[in-house]
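A closer look at the structure
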Amino acid sequence: MSVRWSGLKTSFSPGEILVLPRLETSATPDVLRILIADDDPMIPEMLGERLRISLGEEKVAIQMVNSAEDALQVLFDQPIDLLLTDYDFSQGGRTQGMNGLALLRSIEEHRIVVTTIFMTGFGDEEVAKNAILQGAADYLTKPMLKG
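Here the residue numbering is sequential within each chain, running from 1 through the sequence in written order. Side-chain atom pairs in this predicted model are given and counted only at pLDDT of 80 or more, local residue features only at pLDDT of at least 70, and totals for whole chains, interfaces and linings cover all residues. Side-chain numbers here rest on the full set of heavy atoms in the structure, without hydrogens or water.

Below, the discussion takes up the pattern of salt bridges. Salt bridges, as used here, are contacts in which a Lys or Arg side-chain nitrogen is within 4 Å of a carboxyl oxygen on Asp or Glu. For the structure shown, the criterion picks out three salt bridges. Its salt-bridge partner being Glu 57, residue Arg 52 comes within 3.6 Å of it at the nearest N-O pair. Glu 57 sits in the exposed class, given a relative accessible area of 51%. Ionic pairing is found between Glu 126 and Lys 129, a salt bridge with its closest N-O pair at 3.6 Å. Of this pair, Glu 126 and Lys 129 are both found in helix α4 (residues 125–133), three residues apart, which corresponds to roughly one turn of the helix. Categorising residues by exposure relies on relative accessible area from a 1.4 Å probe, with only protein chains included: less than 20% of the type maximum marks a residue as buried, more than 50% marks it as exposed, and the intermediate range marks it as partly exposed. Numbered from the N terminus, helices here are DSSP runs of H or I no shorter than four residues, and strands are runs of E no shorter than two.

Structure below.
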């Protein structure tokens, strides 16, 4: 089993007292660790560039993956502050595997603490509503990119 960065303990002995560690603020601001999960290579590149310009190159560390499964593995392997995830990962002809909603369910199931923004190119209100219900902080409708 992989280590979770959430710091949450999921099992307790009878009578055990939960002791939370003292949280302290850092004197220097940390780098914002962002993970972008999308199977369209143009979207992560565009978002990454805009985030670097908006927040400052030295203030963000951006990783990009092209599947929900890869995103979940990164979340197990290292701390991530913000996840931007696509809904549909079938652009490359992929018909099997997790979609963005399944990723959100897995994040909740494994009690991974990460702020998630859900992205969809469908503009479907029902999908966006389900994403919020599954734990996404917000959602974005991806623009149609003309090439």
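Next comes the rest of the write-up.
Right, let's get into helix α3 (residues 100–109). Across the 10 residues of α3, seven count as buried, placing the element largely inside the fold. Where α3 is concerned, the buried positions are Gly 100, Leu 101, Ala 102, Leu 103, Leu 104, Ser 106 and Ile 107. Lining the buried residues of α3 we find α2 (68–77), β3 (82–86), β4 (115–120) and α4. Contacts described as polar in this section are N or O atom pairs within 3.5 Å, which, within protein, must combine one atom able to donate a hydrogen with one able to accept it, while residues neighboring in sequence count only if both atoms come from side chains. Between the side-chain oxygen at the start of α3 and the backbone nitrogen of Leu 101 there is a gap of 3.0 Å, and the oxygen is on Asn 99. Within two residues after α3, Arg 111 carries a phi angle of roughly 55°, on the positive side. Contact between two residues is taken to exist if any of their heavy atoms lie within 4.5 Å; hydrogens are not considered.

Generally speaking, nonpolar side chains in soluble globular proteins are found buried as a group. By nonpolar core is meant a set of buried Ala, Val, Leu, Ile, Met, Phe, Trp, Tyr and Cys residues that side-chain atoms within 4.5 Å join together. Within the largest apolar cluster, 18 residues are counted, with the highest numbers of intra-cluster contacts made by Leu 35, Leu 75, Leu 83, Leu 103 and Ile 107. Listed by contribution, the elements that provide at least two residues to this core are β1 (32–37), α2 and α3. Element by element, the count of residues in this core is highest for α2, at six residues. Not counting the four nearest positions on each side in its chain, Leu 35 is found in contact with Gln 63, Val 65, Ala 71, Val 74, Leu 75, Ile 80, Leu 82, Leu 83 and Leu 84. If you look at the next biggest cluster of nonpolar residues, it comprises 10 residues, including Ile 34, Leu 47, Val 60 and Leu 84.

Between α2 and α3, the shortest axis-to-axis distance is 9 Å and the interhelical angle comes to 20°. Taken together, the axes of α2 and α3 lie roughly parallel to each other. Where α2 crosses over α3, the two elements pack in a sense that is right-handed. Residue-level contacts link Ala 68, Ala 71, Leu 72 and Leu 75 of α2 to Leu 103, Ser 106 and Ile 107 of α3. Ten residues, namely Ala, Val, Leu, Ile, Met, Phe, Trp, Tyr, Cys and Pro, are considered nonpolar, four, namely Asp, Glu, Lys and Arg, are considered charged, and the remaining ones, Gly among them, are considered polar. When its residues are assigned to classes, the contact of α2 with α3 shows six nonpolar, one polar and no charged. Structural elements are reduced to axes, namely lines fitted to C-alpha atoms, with helices fitted over the stretch in contact, and the angle between N-to-C directions of any two is expressed from 0 to 180 degrees. Throughout, the term roughly parallel applies to angles under 35 degrees, roughly antiparallel to angles over 145, roughly perpendicular to angles from 65 to 115, and oblique to all others. Note: crossing handedness is left-handed where the near helix turns anticlockwise from the far helix by less than a right angle, and right-handed where it turns clockwise.

Quick look at the packing of aromatic side chains now. When the centres of two rings from Phe, Tyr and Trp lie within 6.5 Å, Trp using its six-membered ring, the rings pair. Their planes under 30 degrees apart give stacked, over 60 give edge-to-face, and anything left gives tilted. One pass over the full model with this rule turns up one aromatic pair. Ring geometry for Tyr 87 and Phe 118: centres 5.9 Å apart, planes at 55°, overall tilted. One end of the pair, Tyr 87, is in the loop between β3 and α3; the other, Phe 118, is in strand β4, with 31 residues separating them in the sequence. Phe 118 sits in the buried class, given a relative accessible area of 0%.

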